[in-house]
Amino acid sequence: MKENRANSILMAVVLAAAACSAFAAAPVDKIQAMLAQPPVLCGRFDQSKQLVGIKKPLLSNGRFCVVNGKGVLWRTLQPFPNTLRLKRDEIVQMQGDRVAMRMDAKQEPVVKMINGVLFSLLAGDLSQLETLFELDGSVTGNSWNVALKARQPALAKAIGTLALSGGAYVKTVTINEASGDRTEISFSGLQSGSSAMTAEEGAALE
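It should be emphasised that the depicted structure is a prediction, and the values quoted were computed from it without experimental measurement. The residue numbering used here restarts from 1 in each chain and proceeds along that chain's sequence as written. Only residues with pLDDT of at least 70 get local features here, since the model is predicted, and only at 80 or more are side-chain atom pairs given and counted; chain-wide, interface and lining totals rely on the full set of residues. Heavy atoms from the whole structure form the basis of all side-chain values; hydrogens and water molecules are not counted.

K.L.:
I'd like a description of the overall build of the protein, backed by residues and values.
P.N.:
Per the secondary structure count, the protein includes 6 helices and 11 strands. For the protein, buried positions account for 47% of its 206 residues. With residues, only the protein chains shown are counted as cover, and all accessible areas are computed by Shrake-Rupley using a 1.4 Å probe. Total accessible area on the protein is roughly 10,300 Å²; 52% of this is exposed by carbon and sulfur atoms. Per the convention used, a helix needs a DSSP run of H or I reaching at least four residues, while a strand needs a run of E reaching at least two, with both numbered from the N terminus. Three exposure classes are used, based on accessible area relative to the maximum for each residue type with a 1.4 Å probe and protein chains only: buried under 20%, partly exposed in between, and exposed over 50%.

Pasting the structure below:
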């Protein structure tokens, strides 16, 4: 259960980054100007996780949707179907129609903090992000890179450090966990607007 919680918290932060709304990083203005801010963003993700002591990485892929004001849907399709739904006050992990895990902000204060980061990003409010992370970044041509290091020990223990790169949208996310595990995620096939999301995905976020 603890591992599931840590993974869900970690994914929440990744999704907040993938929302592509705005990042507090040097130089802030240039990066914000480059980033698109669609109300709905959906696409494919490919993930590779390298565990300490295991040579072969764990590969997975699926689809995600970010809806401003509602939340995030992260659906792993391969190798095993799994859905993670994030809303303002809860994180829910689904396996088929069964709720495998639910984290409520009233019972788990960290949920409120992580989801607060997510919705601050979507709303373009950078103050909370700057409070929680040490940030550094650079711009080269039409591309940017951002590094985030958690300030709070509990958050740093769960997340480690994040590195992101992209242009108008986030293209890659690299997570170096405190345990030594490393995760790389790439995003592709991005679509924005109401037609980007299926009816099923829309219903899952209601």
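K.L.:
Can you tell me about the sheet that holds strand S2 (residues 58-67), naming the residues and giving the values?
P.N.:
With respect to topology, 11 strands assemble into an open sheet ordered S6-S5-S4-S3-S2-S1-S11-S10-S9-S8-S7, the strand pairing being antiparallel. Of all the strands in the sheet, the pair left with one neighbour each is strand S6 (98-104) and strand S7 (133-140). Ignoring strand direction, the axes of neighbouring strands in this sheet form an average angle of 15°. Paired strands are those between which DSSP finds at least two bridges. As defined by bridge partners, strand S5 (residues 90-95) adjoins S6 across 6 bridges and the pair is classed as antiparallel. In the sheet register, isoleucine 91 faces S6, and the bridge partner there is methionine 103. Whenever a helix is involved, its axis is fitted only over the stretch in contact; in every case the axis is a line through C-alpha atoms, and angles between N-to-C directions fall within 0 to 180 degrees.

K.L.:
Give me the pairing of strand S1 (residues 40-50): which residues, what numbers.
P.N.:
Along a regular strand, successive side chains alternate from one face of the sheet to the other. Bridge count between S1 and S2: 10 bridges; the pairing is antiparallel. The residue of S2 that forms the bridge with glutamine 47 is serine 60. Pairing analysis gives 9 bridges linking S1 to strand S11 (residues 182-192), with the strands arranged antiparallel. Opposite glutamine 50, over in S11, you have arginine 182 as the bridge partner.

K.L.:
Describe the packing of aromatic side chains, with residues and values.
P.N.:
Ring geometry is summarised as follows: Phe, Tyr and Trp rings, the Trp one being its six-membered ring, pair when their centres sit within 6.5 Å, and such pairs are stacked at plane angles under 30 degrees, edge-to-face over 60 and tilted between the two. Under the defined criterion, the tally for this structure stands at 4 aromatic pairs. With 3.9 Å between their ring centres and 15° between their planes, phenylalanine 45 and tryptophan 74 make a pair best called stacked. Here phenylalanine 45 is found in strand S1, whereas its partner tryptophan 74 is found in strand S3 (residues 71-78), with 29 residues between them in sequence. A single burial state applies to phenylalanine 45 and to tryptophan 74, both of which are buried. Ring pairs connect the aromatic residues Phe45, Phe64, Trp74 and Phe187, which therefore count as one cluster.

K.L.:
How would you summarise the state of the cysteines if you had to cite specific residues and measurements?
P.N.:
Disulfides are defined as cysteine sulfur pairs within 2.5 Å. Across all of its chains, the model carries 1 disulfide by this definition. Residue cysteine 42 pairs covalently with cysteine 65 via a disulfide, S to S 2.1 Å. Its S-S torsion of about 115° marks the bond between cysteine 42 and cysteine 65 as right-handed, since a negative value means left-handed. Of this pair, cysteine 42 sits in strand S1 while cysteine 65 sits in strand S2, placing them 23 residues apart in sequence. Cysteine 42 gets classed as buried once you look at its relative accessible area, which sits at 0%. On the basis of relative accessibility, which here comes to 0%, the residue cysteine 65 falls in the buried class.

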